[in-house]
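# A look at the structure
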Amino acid sequence: MKHFLLLVAILLPMLLRGQTETEPNNTLPTANLIQEGALVTGSISSTAIPADVNDYFVSLPNDDGTLKVFFSFSGGLADADMFAYVYNKAGTQIGSKVLANIAAGSDSITVHCRERDTMYIRFNCTGNYNYQFSYQIASSGTNDVGQNDGFAGAIAFAQSDLVHGRIGYMSISADVNDYYFSVLPEDGTLRYYVQYENTSGSTGADFYSFIYNKNQTQIASGAQANQPLGLSHDTITVYGRAADTVFFRITASDCFSYTFRYEVLPAGPPDPEPNNTFADAVAVTANTPRTGRIGYTSVAADANDYFYTILPDDGTLRYYVQYDNTSGSTGADFLSFIYNKNQAQIGIGAQANQPLGLSADTITVYGLAADTVFFRINASGSFSYSFQYEVLPAGPSDPEPNNTFADAVAVTANTPRTGRIGYTSVASDANDYFYSVLPDDGTLRYYVQYDNTSGSAGADFYTFIY
C-alpha cells in the first residue's frame, strides 16, 4: 500500500500529460514514442487471441542522470506474473523487475548512470493486466560540452574558470574520460581543486584526476577509491611549474558529476629569459639586486640562470643571495657558481637539502682584478631568488702595465708609491716593476707596508731590488 501511495503522489502531477498505448507495439521497431514525465496507460494479455504479451515504448530523455521508471498494474489473477524491462538503444537490457504471482501492485526500476540517448521500456506478462507508468531522469550537475575524450579534443579553459562536467554516464558504452587544457599564466605552484558527486548508487565507485605537461606526460594524479554517495572533494598540488600548457584528465569507474578549477601560486619576480648559457648571460651591476626563478619545469626544467658583470675595481668580491625553496621538498638543493671571463670556475656555494621557505648564502672570492665575471644559479628543485654583489676595493692602484723591466714605472726618493699585486682575472698580476735614479752615493733604505687581502694566512709577499 505504501508503494502505491508513493506512486500516486509521483504520478498525479503528470496526469495532464497522459499518453495511451497504440497497437502494434509488440517489437522494438514498432515501439510507441513517449515523452519523459508522461503518464502512459496500456494493457497486455497472454489469453487474448492473438496474444498481446509485449508492449514496447521508446523515448529520448531530457538529460543524463538516474533513470526511474514507476509503474502500477491491476486486473490480473493471483497466479499471474508481471514483467518490466528497460533497454538501451542497441536493445541490450539494462534494468528489469519481475513480479510473480500477483494480481495487482506497483513498483519501480532504477538505472543509474544513464547518458542521454534513446532507450526502450517493455512490459510483458502471463495473464491479463492493465497498467500505467511514467519515467523521470534525476540529473546532477552540468554536463561538459563537445567531444573531449582525448588530448586532441581537450577543452580550453582559463585559471579564472570553474569547469563543470559529468563522467562515467553510459549509453551503449561509458564516457570514461574528459580532457581539458589550460596555459598557466605564471611560473609557480599549481593547485587543482575538484568537487565531485557520486551519482552511481554504489559506494565502490572510484574517481580519478590526472595532470599532464604539454608533451602529455603525467606529472600528478589523485585517486579516490570507494567513494561515498553524494559530494566529496580532492586537491592536487604540483610544485615548480613553468608558465606553459597543462592538461587535466578526469576519469571514473562509475558515474559522477564534478566541478573543478585551478590556481597558480606565483613565485618571486622572474629573471629575463633566455639566460640558460654563458652566451645568453644577463648583465648585472654592483650593489644592484637581481631577482629570478630557477628549477621551474614545463617539459624540461629551467636548470640554469647565467648573469655577467664587469667588476668596477680590483678587490674582494662578495656575492649575497637569498632564496625561497618553493619545491615542496626539503631535499631540494640550491647552488651558485662564479666564473672568470674565460668561464673557469673561481667560486661556488652549494646548499643541499634546503628547508622550505627563505634561506641565504654568501660567497667571497679574494683578489679579483677588475674584469668580466659570470654568475650561474642552479637548483635541483624550484626556487625564487634575489642576489647582488659588491667589491671591497684594495688600496690605491699602481700604473699598469708595469709587469716587466721594460714597463717599469719611475719613482723618486722619499716619495711614497702605492700599488696592488696578485689580483687575478684569467692570469694573476704577479709582478710590479719600478725604477729610480738614486740622487747620491750611499746606503739605500727600502721601506714597504703591505696588506694581505688574499683571505689566506699562507700568502707570501716578495720584494726584489736590481
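Above this text sits the structure in question.
Here goes a summary of the coordinates provided. Model, not experiment: these values are computed from the prediction. Each residue is numbered by its place in its chain's sequence as written, counting from 1. Reporting of local features is limited, given that this is a predicted model, to residues whose pLDDT is at least 70; pairs of side-chain atoms are given and counted only at 80 or more, and all residues count toward the totals for whole chains, interfaces and linings. As a rule here, side-chain values come from all non-hydrogen atoms in the structure, and water together with hydrogens is ignored.

## Brief notes about the overall build of the protein
Condition: Runs of E in the DSSP output that reach at least two residues are strands. Runs of H or I that reach at least four are helices, and both are numbered from the N terminus. With the radius of gyration taken over C-alpha atoms, the globule rule is written as 2.2 Å times the number of residues to the power 0.38. The buried label applies to any residue whose accessible area, calculated with a 1.4 Å probe on protein chains only, is under 20% of its type's maximum; exposed applies above 50%, and partly exposed to all values in between. By definition in these notes, contact holds between two residues if any of their heavy atoms fall within 4.5 Å. Note on areas: these come from Shrake-Rupley sampling with a 1.4 Å probe, and a residue is covered only by the protein chains present in the view. For the charge count, each Lys or Arg is scored as positive and each Asp or Glu as negative, with His and the chain ends excluded. A charged residue contributes its charge at one atom only: NZ of Lys, CZ of Arg, CG of Asp or CD of Glu.
Each helix and strand in the protein was counted, giving one helix and 30 strands. Taken over C-alpha atoms, the radius of gyration comes to 41 Å for the protein, far larger than the 23 Å a tight globule of 466 residues would show. The principal-axis extents of the C-alpha atoms in the protein amount to approximately 150 × 35 × 30 Å. Expressed as a percentage of the 466 residues in the protein, the buried residues total 44%. Counting only contacts in the protein whose residues sit at least 6 apart along the sequence, the fraction spanning at least 24 positions is 76%. For the protein, the accessible area works out to roughly 23,300 Å², and carbon and sulfur atoms hold 52% of it. Computing the positive centroid from 22 side-chain charges and the negative centroid from 46, the protein places the two 6 Å apart.

## Considerations on the packing of aromatic side chains
Applicable threshold: Note on aromatic contacts: the rings of Phe and Tyr and the six-membered ring of Trp form a pair at centre separations within 6.5 Å, being stacked when their planes are under 30 degrees apart, edge-to-face when over 60 apart, and tilted otherwise. A positively charged side chain is recorded as over a ring if its NZ (Lys) or CZ (Arg) lies within 6 Å of the ring centre. The angle to the ring normal must also be within 35 degrees.
Taken as a whole and assessed by the stated rule, the structure comprises 49 aromatic pairs. Arranged with centres 5.1 Å apart and planes meeting at 85°, the rings of F278 and Y339 form a pair that is edge-to-face. Here F278, found in the loop between β19 (256-266) and β20 (282-283), pairs with Y339, found in strand β24 (residues 334-340); they are 61 residues apart in sequence, far enough to count as distant. With respect to burial, F278 and Y339 carry one shared label: buried. Taking the centre distance of 5.1 Å and the plane angle of 80° together, the rings of F405 and Y466 count as edge-to-face. A residue pair is termed long-range when its members are at least 10 positions apart, and F405 in the loop between β28 (383-393) and β29 (409-410) and Y466 in the segment after β30 (434-435) qualify at 61 residues. Judged by relative accessible area, F405 falls into the exposed class, the value being 54%. Here Y466 falls in the exposed class, since its relative accessible area comes to 72%. Members of the aromatic cluster, joined through ring pairs, are F157, Y180, Y192, Y196, F207, F248, F256, Y258, F260 and Y262. The lysine or arginine in question, R376, covers the ring of F337, its NZ or CZ lying 4.3 Å from the ring centre.

## So, a nonpolar patch on the surface
The following threshold applies: Residues forming no salt bridge and having over 30% relative accessible area are the ones grouped into patches, like charges within 9 Å of each other and nonpolar side chains (Val, Leu, Ile, Met, Phe, Trp, Tyr) within 5 Å. What counts as a salt bridge is simple: a side-chain nitrogen of Lys or Arg found within 4 Å of a carboxyl oxygen of Asp or Glu.
Among the surface-exposed residues, I421, L438, L444, Y446, V448, Y450, F461 and I465 lie close enough to one another that they form a single nonpolar patch of about 790 Å² accessible area. Considering the arrangement of structural elements, one finds V448 in the segment after β30. A relative accessible area of 40% places V448 in the partly exposed class.

## Quick word on unusual backbone geometry
Cis geometry marks the peptide bond from E23 to P24; its omega dihedral reads 0°. Within the secondary structure, P24 is located in the loop between β1 (19-20) and β2 (32-33). Here the amide bond leading from I49 into P50 is cis, since omega sits at -5°, within 30 degrees of zero. The topology assignment puts P50 in the loop between β3 (40-45) and β4 (54-59). Unlike most non-glycine residues, Q343 shows phi in positive territory, near 65°. The residue Q343 is located in the loop between β24 and β25 (345-351) in this model. Residue classification places Q343 among the partly exposed residues on the basis of a relative accessible area of 40%.

## A word on the sheet that holds strand β22 (residues 304-310)
Strand pairing in a sheet relies on backbone hydrogen bonds, with the paired strands running either antiparallel or parallel. Quick reminder of the rule: DSSP bridges decide pairing: two strands pair if at least two such bridges lie between them.
With respect to topology, five strands assemble into an open sheet ordered β20-β22-β27-β24-β25, the strand pairing being mixed. Both edges of this open sheet fall to β20 and β25, since each of them pairs with a single strand only. With seven bridges connecting them, β22 and strand β27 (residues 372-379) associate as antiparallel partners. Of the residues in β27, the one forming a bridge with D305 is I377.

## Concerning the side chain of Q354
Inclusion rule: Contacts described as polar in this section are N or O atom pairs within 3.5 Å, which, within protein, must combine one atom able to donate a hydrogen with one able to accept it, while residues neighboring in sequence count only if both atoms come from side chains.
Within the secondary structure layout, Q354 lies in the loop between β25 and β26 (357-368). Residue Q354 is classed as buried on the basis of its relative accessible area of 9%. A polar contact of 2.9 Å, which involves the side chain of Q354, links it to the backbone oxygen of A352. Beyond its immediate chain neighbours, meaning those up to four positions away, Q354 contacts Y323, N325, S329, T330, A332, F334, S359 and F383.

## What to know about the pattern of salt bridges
Scanning the entire structure with this criterion turns up 10 salt bridges. R293 is the salt-bridge partner of E186, the closest N and O atoms lying 2.6 Å from each other. Of this pair, E186 sits in the loop between β13 (177-183) and β14 (188-198) while R293 sits in strand β21 (residues 290-294); the two residues are 107 residues apart in sequence, bridging distant segments of the chain. We classify E186 as partly exposed; its relative accessible area is 30%. Under the relative-accessibility criterion, R293 is labelled buried at 5%. With its nearest N and O atoms 3.1 Å apart, the salt bridge here joins D371 to K341.

## A word on the pairing of strand β23 (residues 315-325)
In terms of strand pairing, β23 meets β26 through 10 bridges, oriented antiparallel. By the bridge assignment, Q322 is partnered in β26 with A360. The pairing of β23 with β28 spans 11 bridges and is antiparallel. Looking across to β28, one finds that N325 is bridged to F383.

## Let's talk about the state of the cysteines
Cysteine pairs can be covalently joined through their sulfur atoms, and such a bond is termed a disulfide. Test applied: Two cysteine sulfur atoms make up a disulfide if the distance between them is within 2.5 Å.
Summed over the entire model, instances satisfying the criterion amount to one disulfide. What pairs with C113 in a disulfide is C255, and their sulfur atoms sit 2.0 Å apart. For the disulfide bridge between C113 and C255, the dihedral angle about the S-S bond is near -70°, and by the sign convention the bridge is left-handed. In this pair, C113 sits in strand β8 (residues 105-114) while C255 sits in the loop between β18 (245-252) and β19, placing the two residues 142 residues apart along the sequence. Per residue, the accessibility class of C113 equals that of C255, and both read buried.

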